[in-house]
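Here is how the chains run, residue by residue.
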Amino acid sequence: MEPQYNSKSTAVKRLMREAIELSEPTDEYSAHPLEDNLFEWHFTMRGPQASEFDGGIYHGRILLPTEYPMKPPNIILLTPNGRWETNKKICLSISSHHPETWQPSWSIRTALLALIAFMPTNGRGSLGALEYTPEERLSLAKKSRNWICDCCGQISNLLANNKAKPLTKEESELIKSVTFKGEEGAEKVSKPSDQQKQEVEAVNEEPIVNNISPNFFKDALCSDIGMYLIYLIIALISILVARRFYSA
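All values reported here derive from a predicted model rather than from experimental measurement.

A word on the overall build of the protein chain
- Within the protein chain, the regular secondary structure consists of 6 helices and 6 strands.
- Considering the protein chain as a whole, with its 248 residues, one finds that 43% of them fall into the buried category.
- In the protein chain, once contacts between residues fewer than 6 apart in sequence are set aside, the share between residues at least 24 apart is 62%.
- With an accessible surface of roughly 14100 Å², the protein chain has 54% of that area assigned to carbon and sulfur atoms.

This is the structure we're talking about:
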């Protein structure tokens, strides 16, 4: 990927990190940015087992705002599936339809896992939801395996035999929270706190280039912690100087 983006941008750094994390496809999902657009991703996911979508393989797009991860993405399914309309932005509490429920700690991986979990649920007339019969959905699931993306090719080749990494406790809680809110109208939650914003913005200042080293994450964390400590020390010194000045 050409280094055509602002290397100091929080969104660029976050997306580059997620691209590395998701660079290896799994048996459940895969996702990657387009070669010429870091803010548009294509994803492939397997239909949830023991459901009307079991055996299906579904492909879609994720459109990310320049304010990511402070603002949520748009999610669009391209493969006919009988659950959501194709080529339309899906209305979920993890998408731009409900920015009040989005949390910066969520990621593309979290969104994909939540989307898979949502497939068997009842759409209840929400925006873009489809109420196909089980037989129709099973038929579409079979046909989906032969679906071809103009950009990515045969989608059945985009998944691998690798097992997806286990869910962390935080991811499990986040997905349960998203699933609980459902599509009926997400509950409002507080906006990202200053601490969340600082955690998101505290990223590495090294330029992003084509060949990213294997120690990218480690280096970024070390750099961020070091810079944070320097800023903290400077702030403490400033406070002490100010107190002495005013007390004098």
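Brief notes about unusual backbone geometry
- The residue after Y68, namely P69, is reached through a cis peptide bond having omega 10°.
- Among the structural elements, P69 can be located in the loop between β3 (57–63) and β4 (74–77).
- Here the phi dihedral of A50 falls at roughly 55°; this positive angle occurs in a residue that is not glycine.
- In this structure, A50 sits in the loop between β2 (37–46) and β3.
- Overall, A50 belongs to the exposed group, its relative accessible area being 81%.
- The phi angle at N87 is positive, at roughly 60°, despite the residue not being glycine.
- For N87, the position within the fold is in the loop between β4 and α2 (108–118).

Focus on the nonpolar core
- W41, F43, M45 and I108 are the most contacted members of the largest nonpolar core, which totals 39 residues.
- Secondary-structure elements contributing two or more residues to this core are α1 (10–21), β1 (29–34), β2, β3, β4, α2 and α4 (169–181).
- Beyond its immediate stretch of four places on either side in the chain, W41 contacts L15, E18, A19, L22, A31, H32, P33, G60, R61, I62, L64 and I108.
- Counting residues in each nonpolar core, the second largest holds 6 residues, with I57, C149, C152 and I155 among its members.

Section: helix α3 (residues 134–144)
- Every buried residue of α3 is listed here: R137, L140, A141 and S144. Buried positions in α3, seen along its axis, are confined to an arc of 105° and lie on one side of it. In α3, those exposed residues whose orientation departs by more than 90 degrees from the buried face are E135, K142 and K143.
- The inward-facing, buried residues of α3 abut β3.

Overview of the sheet that holds β2
- A sheet is described by the order of its strands in space; here 4 strands give the open sequence β1-β2-β3-β4, paired in antiparallel fashion. Among the strands making up the open sheet, the edge pair consists of β1 and β4. Neighbour-to-neighbour, the strand axes of this sheet turn through a mean angle of 25°, independent of strand direction.
- Relative to the sheet, α1 contacts β1 and β2, its axis offset from that of β2 by approximately 35°.

Section: the confidence of the model for the protein chain
- Mean pLDDT for the protein chain: 80, with 71% of residues reaching 70 or above.
- Across residues 185–193, where pLDDT falls below 50, the model places 18 contacts with residues more than four positions away in sequence or in other chains.
- In this model residues 202–226 is a low-confidence stretch, pLDDT under 50, and it forms 34 contacts with partners more than four residues away in sequence or in other chains.

Some points on α2
- For α2, a buried count of 10 out of 11 residues is recorded, marking the element as mostly surrounded by other parts of the structure.
- For α2, the complete set of buried residues consists of I108, R109, T110, A111, L112, L113, A114, L115, I116 and F118.

The rules behind each value
- Residues numbered from 1 in each chain as written.
- Predicted model: local features only at pLDDT ≥ 70, side-chain atom pairs only at ≥ 80, totals over all residues.
- Heavy atoms only, no water.
- Helix = DSSP H or I, 4+ residues; strand = E, 2+ residues; numbered from the N terminus.
- Buried < 20%, exposed > 50% of the residue type's maximum accessible area, 1.4 Å probe, protein only.
- Contact = heavy atoms within 4.5 Å.
- Areas by Shrake-Rupley, 256 points an atom, 1.4 Å probe, with all protein chains shown as cover.
- Core = buried A, V, L, I, M, F, W, Y, C linked by side-chain atoms within 4.5 Å.
- Arc of directions from axis to C-beta.
- Pairing = 2+ DSSP bridges.
- Axes fitted to C-alpha atoms, helices over the stretch in contact; angles between N-to-C directions.
- pLDDT = per-residue confidence, 0-100.

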